[in-house]
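Examining the three-dimensional arrangement
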Amino acid sequence: MAEDLNQLMKVRREKLAVLQEEGKNPFEITKCDVSHHSQEIKDRYDELEGSSVTVAGRLMSKRVMGKASFCNVMDRDGSIQGYVARDEVGEDVYKDFKKFDIGDIVLMEGEVFTTKMGEISIHAKGIKLLSKSLQILPEKFHGLRDTDLRYRQRYVDLIVNPEVKDTFIKRTKIISEIRRFLDEQGFLEVETPVLVPMAGGAAARPFVTHHNTLDEDLNLRISLELYLKRLIVGGLERVYEIGRVFRNEGLSIRHNPEFTLLECYQAFTDYYGMMDLAENMYRQVCQNVLGTTKISYEGVDIDFAQPFERLTMVEAVKKYAGVDFDAIPDVEAARNAAKEHHIEFEPRHGKGDILNLFFEEFVEEKLDQPTFIMDHPVEISPLAKKKPDNPDYTERFELFITKREMCNAFSELNDPIDQRERFMKQEEMFAAGDEEAHHLDEDFICALEYGMPPTGGIGFGIDRLVMLLTGSAAIRDVLLFPTMKTLGKENQ
């Protein structure tokens, strides 16, 4: 099979050499004028019938039948059939056309008409080779099925699998709609550093690099949070950023080392304001991108028009695990409850950590419908404001849909003294072996000391939202170029 492909590729290179010898090198063409795209011609057929149009795209099929042939040209919107007759395009052009290969990029000009079979087509008056394809596209009916190859060669995946192109078009529309929603709410889009001296704002291991001129190690950001909060201190009352973040973690169907995060912060509101923002944003984005608030994902029907459920973490664990942490007085009792329920914990874990372990074990798998899980323990929420009536817990929530965490939000901690104490606690955890613990950021503490107003903040995983709204099973299906092990090292 490999020998056959190599022979076919050799033939294509020989065809290119002949073209170049004849002064017809397609790679010397610098531009062409395209008047219409395939879908526009179909949508406006009544208006365009009999008119001259020019389209350009990839030759996806060709049926040569003597003096006349049919072909299919695929452009950005889809494909359209061409009828190419020798007597219309001329003998020399037709002779060249018959030598075109599947995958070649062509320009076709002609009149719009409908065939006897009822297919909207172009009656070619001319057809020209714009770029020679020297590779062989996957076989038409089987397509590109090897998922590893699809991710490595996304350019081929987009050519042969139209549904993949549709997913990424939807991704762009989703992000555009998010921007529209936030802009309408008075938020200002900003940009913050990607290379940072201190990677904070999340519990994750950073990637470390070195700046030669400064002779300093820098980190790729793991979050957008701490710089955006600095802008709230500076008086920009509503800010957001959509950007890549980087976490030196494993690969899975839900995780990629680099992914797209949306974070937004609003002064003079709290985590309830962020709940309203999240619920309304999901509703508007779904409606405006998909034309409905109803979706089905992996067999689960969801209607974003319905109010999202709200449960505290304690309520959720009581509901699904039957353990009431309000009735557990201290860490010793929490450890005993963990042992009874076969939950492994570490010596450093406090009562709040163990509550979270119960949640992860017994609750997450039950949260198919949109559910806000509120009031996380202070031990796992170093950047969230404590609840005034119960300082063991914080004004924090996570939104879960189809068993996945979709966003994370706080009433932001704006007390610099409390923040320093929590950072110091995180440093102790790091020293005890927690590589994902936060580090003390003195400049951020300094910013808080200037005064930050009461603020609500939220972070959304854009990729998981795109997965949900496109019915994609894995994060790699919504990343154009996901992280892959270098070829040749897969088995190392």
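Let me begin by describing the structure that accompanies this report. Predicted, not measured: the structure shown is a model, and the values here were computed from it.

1. Some points on the sheet that holds strand 9 (residues 216-220)
- Strand order in the open sheet made by the 3 strands is 7-9-8, with antiparallel pairing throughout. What marks the edges here is a single partner per strand, and that holds for strand 7 (195-196) and strand 8 (208-211).
- For strand 7 and strand 9, the ladder comprises 2 bridges, and the chain directions are antiparallel. Bridge assignment links Leu-195 to a residue of strand 9, and that residue is Leu-220.

2. Considering the sheet that holds strand 18 (residues 396-401)
- Taken in spatial order, the 8 strands line up as 6-10-11-20-19-18-15-14 in an open sheet, and their pairing is mixed. In this open sheet, the two strands that pair with only one neighbour each are strand 6 (188-189) and strand 14 (309-312).
- Note that strand 11 (residues 258-267) and strand 20 (residues 455-461) share 7 bridges and pair antiparallel. Bridging from a neighbouring strand, Gln-266 pairs with Gly-456 of strand 20.
- Packing against the sheet, helix 8 (residues 162-184) makes contact with strand 6, strand 10 (238-246) and strand 11, and its axis sits at approximately 155° to strand 10.

3. Some details on the side chain of Thr-54
- Considering the arrangement of structural elements, one finds Thr-54 in strand 1 (residues 52-65).
- Apart from the residues lying within four places of it in its own chain, the contact partners of Thr-54 are Asp-33, Val-34, Ser-35, His-36, Leu-107, Met-108 and Glu-109.

4. Quick notes on the packing of helix 11 (residues 313-321) against helix 13 (residues 351-363)
- Across the interface, helix 11 lies against helix 13 with an axial gap of 9 Å and an inter-helix angle of 45°. By the angle class used here, helix 11 and helix 13 are oblique. The handedness of the crossing between helix 11 and helix 13 comes out as left-handed. The residues of helix 13 that touch helix 11, namely those facing Met-313, Val-314, Ala-316, Val-317, Tyr-320 and Ala-321, are Leu-355, Asn-356, Phe-358, Phe-359, Phe-362 and Val-363.
- The class makeup of the residues in the contact of helix 11 with helix 13 is 11 nonpolar, 1 polar and no charged.

5. A closer look at the nonpolar core
- Grouped together as the largest cluster of nonpolar side chains are 45 residues, with contacts concentrated most on Ile-178, Tyr-282, Phe-304, Phe-397 and Ile-458.
- Ranked by residues supplied to this core, first place goes to helix 10 (residues 271-290) with 10 residues.
- With sequence-adjacent residues up to four places away left out, Ile-458 is seen in contact with Leu-262, Glu-263, Cys-264, Met-274, Leu-277, Ala-278, Phe-397, Cys-407, Asn-408 and Ala-409.

6. What to know about helix 9 (residues 225-233)
- For helix 9, every residue scored as buried is listed here: Glu-225, Leu-226, Leu-228, Lys-229, Arg-230 and Ile-232.
- Contacts made by the buried residues of helix 9 are with strand 10, strand 11, strand 19 (404-411), helix 15 (442-450) and strand 20.
- Immediately downstream of helix 9, the backbone of Gly-235 shows phi near 105°, a positive value.

7. What about the packing of helix 14 (residues 416-431) against helix 15?
- Running from N to C, helix 14 and helix 15 point in directions that differ by 160°, and their axes come no closer than 9 Å. With respect to helix 15, the element helix 14 is oriented roughly antiparallel. The element helix 14 and its partner helix 15 pack so that their crossing is right-handed. Contacts between helix 14 and helix 15 involve Pro-416, Gln-419, Arg-420 and Phe-423 from the first element and Glu-442, Phe-444, Ile-445, Leu-448 and Glu-449 from the second.

8. Observations regarding the pattern of salt bridges
- Per the counting criterion, the structure on display carries 37 salt bridges.
- Lys-24 serves as the salt-bridge partner of Asp-96, at 3.0 Å between the closest nitrogen and oxygen. With a gap of 72 residues between them, Asp-96 in helix 5 (residues 91-98) and Lys-24 in the loop between helix 1 (2-21) and helix 2 (38-43) connect regions that are remote in the sequence.
- Owing to a relative accessible area of 38%, Lys-24 belongs among the partly exposed residues under this scheme.
- One network of salt bridges, in which partners are shared, links Arg-12, Lys-15, Asp-101, Asp-104 and Lys-132.

9. Some remarks on the packing of aromatic side chains
- Under the counting rule described, the total for this entry stands at 14 aromatic pairs.
- Centroid distance Phe-308 to Phe-372: 5.6 Å. Interplanar angle 40°. Geometry classified as tilted. Taken together, the positions of Phe-308 in the loop between strand 13 (300-303) and strand 14 and Phe-372 in strand 15 (residues 371-374) put the pair 64 residues apart, joining distant regions of the chain. A single burial state applies to Phe-308 and to Phe-372, both of which are buried.
- Grouping aromatic residues by their ring pairs yields a cluster made of Tyr-282, Phe-304, Phe-308, Phe-372, Phe-397 and Phe-460.

10. Looking at helix 11
- For helix 11, the set of buried residues is Met-313, Val-314, Ala-316, Val-317 and Ala-321. Looking down the long axis of helix 11, one finds its buried residues gathered within 160° of arc, a one-sided arrangement.
- Residues of helix 11 that are buried make contact with strand 14, helix 13, strand 15 and strand 17 (390-394).
- Directly beyond the C-terminal end of helix 11, a positive phi value near 75° is found at Gly-322.

What counts, and at which threshold
Residues numbered from 1 in each chain as written. Predicted model: local features only at pLDDT ≥ 70, side-chain atom pairs only at ≥ 80, totals over all residues. Heavy atoms only, no water. Pairing = 2+ DSSP bridges. Helix = DSSP H or I, 4+ residues; strand = E, 2+ residues; numbered from the N terminus. Contact = heavy atoms within 4.5 Å. Axes fitted to C-alpha atoms, helices over the stretch in contact; angles between N-to-C directions. Parallel < 35°, antiparallel > 145°, perpendicular 65-115°, else oblique. Left-handed = near helix turned anticlockwise from the far one by under 90°. Nonpolar A, V, L, I, M, F, W, Y, C, P; charged D, E, K, R; others polar. Core = buried A, V, L, I, M, F, W, Y, C linked by side-chain atoms within 4.5 Å. Buried < 20%, exposed > 50% of the residue type's maximum accessible area, 1.4 Å probe, protein only. Salt bridge = Lys/Arg side-chain N within 4 Å of Asp/Glu carboxyl O. Phe/Tyr/Trp six-rings, centres within 6.5 Å; stacked < 30°, edge-to-face > 60°. Arc of directions from axis to C-beta.

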